Protein chains: 2
Amino acid sequence: MKMLPGIGVFGTGSVVRIIVPFLRAKGFVVVAIWGRTPASAQQVAKELSIPFYTSKVDEVLLRKDVDLIFVLCSPHLHAQISVKALGIGKHVLCDRPAGICQNDALKMVKASQYYPSLISIVNHSLRFLPAFTMMRKCLRDNYVGKRIDLCDVRIRISSLIDETEGYDWTCDERMGGGILTLVGSHVIDLLSFLTGLRATRVHGVIRTFESETARVQGIRRVTAPDFATFQLELGGPINDYNLLTGDRAPLLVTVQLMSSNQAGAFNQELVITGEAGALWVKGGDLHGRRNNAKEECLYLDVEDLENPTGNESLPRPYMKGLLKMVGALREAFQSVEDRRGWVKEPVADAATFQDGQYVQAVMEALRKSSRHMSWERVILADEEEQDLNNPLLTRAAAMLRHP
Amino acid sequence: MKMLPGIGVFGTGSVVRIIVPFLRAKGFVVVAIWGRTPASAQQVAKELSIPFYTSKVDEVLLRKDVDLIFVLCSPHLHAQISVKALGIGKHVLCDRPAGICQNDALKMVKASQYYPSLISIVNHSLRFLPAFTMMRKCLRDNYVGKRIDLCDVRIRISSLIDETEGYDWTCDERMGGGILTLVGSHVIDLLSFLTGLRATRVHGVIRTFESETARVQGIRRVTAPDFATFQLELGGPINDYNLLTGDRAPLLVTVQLMSSNQAGAFNQELVITGEAGALWVKGGDLHGRRNNAKEECLYLDVEDLENPTGNESLPRPYMKGLLKMVGALREAFQSVEDRRGWVKEPVADAATFQDGQYVQAVMEALRKSSRHMSWERVILADEEEQDLNNPLLTRAAAMLRHP
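Residues numbered from 1 in each chain as written. Chains lettered and ligands numbered in written order. Predicted model: local features only at pLDDT ≥ 70, side-chain atom pairs only at ≥ 80, totals over all residues. Heavy atoms only, no water.

Asker: Hey, could you run me through the overall build of chain A in this one?
Answerer: Within chain A, the secondary structure is distributed over 10 helices and 16 strands. Residue burial in chain A is summarised as follows: out of 403 residues, 58% are buried. Taking all contacts inside chain A whose residues are at least 6 apart in sequence as the whole, residues at least 24 apart take part in 69%. Carbon and sulfur atoms provide 53% of the accessible area of chain A, an area that totals close to 16900 Å². (Helix = DSSP H or I, 4+ residues; strand = E, 2+ residues; numbered from the N terminus. Buried < 20%, exposed > 50% of the residue type's maximum accessible area, 1.4 Å probe, protein only. Contact = heavy atoms within 4.5 Å. Areas by Shrake-Rupley, 256 points an atom, 1.4 Å probe, with all protein chains shown as cover.)

Shown next, in the form of structure tokens:
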């Protein structure tokens, strides 16, 4: 049997404890782990029996037995580690939302375009959840008709603040913490996966209701948002196939996200209604109803031994999607003799770094919208732009192209 | 036993068929009915055994045995009939949303202020639903804490188009049809009833997804909206007591309303979350949970013989609220000897014509917001304004007062 690529993991958060057993179950070997401090790396290495640990990025990247890296650390390090890894010739799976701003994601896009023979995907695991792959198929088969009226998403989730190490990036909006980056990014990506359309204009209200926790009090405040409500107009097709035909009005999306340890159990619901019926995913199940017909269950999520149930830090649909994505990665490598060789088909539906940049662009527009109480256009920064650090230039250039 | 005031009813829609038996059950005598055409008036009069019918407004208003009128007809007639009725000395209950624009409502406000000895209330029956009166009490008792984070309202209802007489005002936005005026008005009013606060800025997206029905096709289109999503900032206190203290940020409200015969069963949920817990009304039941405690049922809506179950044209919570409101009206009259005499206390919580004008102002701001894709200030037109038909003057005057 073929030897699968060796894996290096960046990060010591709770998702690492979940993903390492998944990787092993699928036949991957986890050979090295990086942590922010030697102590944190050592502790997780010991806990998960990973043979090598370090707090130096290069010591993982330069290892000959590491072929694929999982970037699961603080978002401000995503771009730096991913770009370097690709340069050294390693495949990369990067956690959402691919950096802390669009500029980060753009650097990653450039690197991935420079090394097209390497895998570079963003961890948007919901794309691999069977209920959503099935929903996408039903939409393409016009289950809800040719005219789609509305996509509505509601998610309630427990607090996203990781207090195991005290105040960290999950408390801080500028470091990539909060419900918009950690959950909203999944939703924004999923909507374009399902519809084949991209948001062109957005409006949002983003809030931090709980600015104190048991451990974060006094001078330090939580700035990471725990609430977001937003509306997107989906209009720009991303590929040959999309759900808008002819001169239809943009597709309206409404989203409401809330994280709180007091808000009750995890709940996630996505409903798409159209002229001929409706489709909805609740948890991991897909339901549908055509007009004047009875509700039907189109996919029922079954509990199986292979799929552990969700826990507080990663609800079940995300967990299951992640496991499926790891399975797809295995398939991509499995069919080629060379340990590092791969085929595209099994991971063809995964989120690319370009998708990651798009998600960042939407989140930037949403933050601006919330600040200015205005609808904002989604501005996708171009590769050719010279000075990405100058927002005025970027904006002006984008407006020249899309007047 | 005291003789209750005689009632004249304006309108022949389905709500009339529901309300007349309620009125009789509470001891009122329905003496006359007005319809747009003699035929429609005759038909309902016969069906409901009402002794007198007419298509002339004055023939109801001038009757000596009519003391209280129920204005349940097309909104474009609300102001005209209500103002005239008060001038003739009749008590008035007017259906929501009190006319088709703020100017209509303002005329009604002026008339009601000119005749303070007459009852003048808007049919916002949810104020009388026990679950909401209890919720209001819990909020005042700080059940969710001093800091309220969010009010979220979701309503799904069957189509609001009345096709019994073909194309009518319920199909037409400018005539007062659609989910914003017929359901949104209730929500806007209820929120200020519950919190003691008024919306100062609003943002909304209003749509008509189903512009054709089985009977309305071809050249005629339904323009009445069947979908609205909106955000309100509640900031302006309406009386001594309100839920914002000190220099707190405005209270955020999110609302989503959808009407469709395909959207599934009626569903209405209002959730208020705060620092110390949450309260929610689902259907007619009130639930609550304080932080770190178990969910508790604070009011359970019991099916009783007196309260019929809801039907498609009037869901149960609205039906029950309406019955309670009719009961309150009876009490108001019951305790005074004179047939037309009344006391305020039982109907002190009813929506006044001023409340109706506020609701119209919020809806006007929401329509403007949806048209312009912008947040809009709620501008309450003043009594002193001379030229209310000139929107520019009205706006300019309002901006001078609230710069």
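Asker: How do you make sense of the UniProt feature "domain: Gfo/Idh/MocA-like oxidoreductase N-terminal" (unreviewed entry) in chain A when you look at a structure like this?
Answerer: Taking the UniProt record as the reference, the feature "domain: Gfo/Idh/MocA-like oxidoreductase N-terminal" (unreviewed entry) is found at residues 7-111 of chain A. Segment residues 7-111 of chain A splits into 47% helix and 21% strand. End C-alpha atoms: 20 Å apart. (UniProt positions renumbered as here; feature names shortened; annotations may be inferred.)

Asker: What is the right way to look at empty space enclosed by the protein in this model?
Answerer: Where empty space is left in the structure can be found by rolling a water-sized probe over the atoms. All chains considered together, the criterion is met by 3 cavities of 30 Å³ or more. Its volume calculated, the largest cavity comes out at about 140 Å³. Along its surface, the largest cavity is lined by 15 residues, and T273(A), G274(A), M258(B), S260(B) and Q262(B) are the ones closest to its centre. Elements supplying a minimum of two residues to the lining of the largest cavity: β11 (267-274) and β12 (277-282) of chain A together with β10 (251-259) of chain B. In this structure, the second largest cavity encloses a volume near 90 Å³. T229(A), Q256(A), T229(B), V255(B) and Q256(B) are, among the 17 residues lining the second largest cavity, the residues nearest its centre. For the lining of the second largest cavity, the secondary structure elements donating two or more residues are β7 (148-157), β9 (227-237) and β10 (251-259) of chain A together with β7 (148-157), β9 (227-237) and β10 of chain B. For the lining of the second largest cavity, the residue count by class is 5 nonpolar, 8 polar and 4 charged. (1 Å grid on protein atoms, 1.4 Å probe; cavity = no way out; pocket = protein on both sides within 12 Å on 5 of 7 lines; lining within 4 Å. Points joined across faces, edges and corners; volume = space filled by probe spheres on them. Nonpolar A, V, L, I, M, F, W, Y, C, P; charged D, E, K, R; others polar.)

Asker: Help me understand the relation of the copies chain B and chain A, please; the structure alone is not making it clear to me.
Answerer: The operation relating the pair of chain copies consists of a rotation about an axis and a translation along that axis. With an axial shift of 0.0 Å and an RMSD of 0.0 Å, the rotation relating chain B to chain A amounts to 180 degrees. Seen this way, the second copy is the image of the first under a two-fold rotation axis. Considering only C-alpha atoms, the part of chain B nearest the rotation axis is S374(B), at 2.8 Å. A shared interface surface links the copies, since 100% of the contact residues of chain B are contact residues in chain A too. (Least-squares fit on C-alpha atoms with pLDDT ≥ 70 in both.)

Asker: Please explain the sheet that holds strand β4 (residues 68-71) of chain B as it appears in this structure.
Answerer: The strands making up a sheet associate through hydrogen bonds between their backbones, and the pairing can be parallel or antiparallel. Residues and elements named next belong to chain B. The strand order β3-β2-β1-β4-β5-β6-β15 describes an open sheet built from 7 strands, whose pairing is mixed. Edge strands, defined here as strands with exactly one partner in the open sheet, are β3 (52-54) and β15 (351-352). Examined bridge by bridge, β4 and strand β5 (residues 91-95) share 4 bridges and lie parallel to one another. The residue bridging F70 from the neighbouring strand is L93, located in β5. Most of the contacts of helix α4 (residues 78-88) go to β5, to which it runs at about 170 degrees, and overall it touches β1 (6-10), β4, β5 and β6 (120-123). (Pairing = 2+ DSSP bridges. Axes fitted to C-alpha atoms, helices over the stretch in contact; angles between N-to-C directions.)

Asker: Whenever I open this one, the interface of chain B and chain A confuses me. Can you help?
Answerer: Listed as interface residues are 30 residues of chain B and, on the opposing side, 30 residues of chain A. Between chain B and chain A the total buried area reaches about 2600 Å² when both faces are included, carbon and sulfur atoms providing 52% of it. On the chain B side of the interface with chain A, the three residues burying the most area are F209(B), Q262(B) and M373(B), jointly 25% of the side's total. Summed over the shared surface of chain B and chain A, the result is 4 salt bridges. Of the charged contacts in the structure, one is a salt bridge between D152(B) and R154(A), with a shortest N-O distance of 2.6 Å. Joining chain B to chain A, the criterion identifies 11 residue pairs in polar contact (both at pLDDT 80 or more). If you list the elements that add at least two residues to the side of chain B that touches chain A, you get β7, β8 (197-207), β9 and β10 of chain B. Across the side of chain B that touches chain A, the residue classes tally to 9 nonpolar, 11 polar and 10 charged. (Buried area = accessible area lost by both parts, 1.4 Å probe. Salt bridge = Lys/Arg side-chain N within 4 Å of Asp/Glu carboxyl O. Polar contact = N/O pair within 3.5 Å; in protein donor to acceptor, adjacent residues only side chain to side chain.)

Asker: What exactly am I supposed to notice about the packing of helix α6 (residues 130-140) of chain B against helix α7 (residues 179-195) of chain B here?
Answerer: The axes of two packed helices give the description: the angle between them and the distance between them. Residues and elements named next belong to chain B. Contact geometry of α6 with α7 gives a least axis separation of 8 Å together with a crossing angle of 40 degrees. Taken together, α6 and α7 sit at an angle that is classed as oblique. The residues of α7 that touch α6, namely those facing F132, T133, M135, R136 and L139, are L190, F193 and L194. (Parallel < 35°, antiparallel > 145°, perpendicular 65-115°, else oblique.)

Asker: Would you mind going over the packing of aromatic side chains with me for this structure?
Answerer: Note on aromatic pairs: each is described by the distance of the centres and the angle between the planes. Per the stated rule, a full pass over the model turns up 9 aromatic pairs over all chains. Taking the centre distance of 5.3 Å and the plane angle of 35 degrees together, the rings of F209(A) and F227(A) count as tilted. With a gap of 18 residues between them, F209(A) in the loop between β8 (197-207) and β9 and F227(A) in strand β9 connect regions that are remote in the sequence. Accessibility expressed as a relative area gives 11% for F209(A), which makes it buried. For F227(A), a relative accessible area of 0% gives the class buried. Ring geometry for F10(B) against W34(B): centres 5.8 Å apart, planes inclined by 35 degrees, an arrangement best described as tilted. Placement of the pair is F10(B) in strand β1 and W34(B) in strand β2 (residues 29-34), with a sequence separation of 24 residues. W34(B) carries the same exposure label as F10(B), and that label is buried. Over the ring of F52(B) we find R63(B), and its NZ or CZ is 4.5 Å from the ring centre. (Phe/Tyr/Trp six-rings, centres within 6.5 Å; stacked < 30°, edge-to-face > 60°. Lys NZ or Arg CZ within 6 Å of the ring centre and 35° of its normal.)

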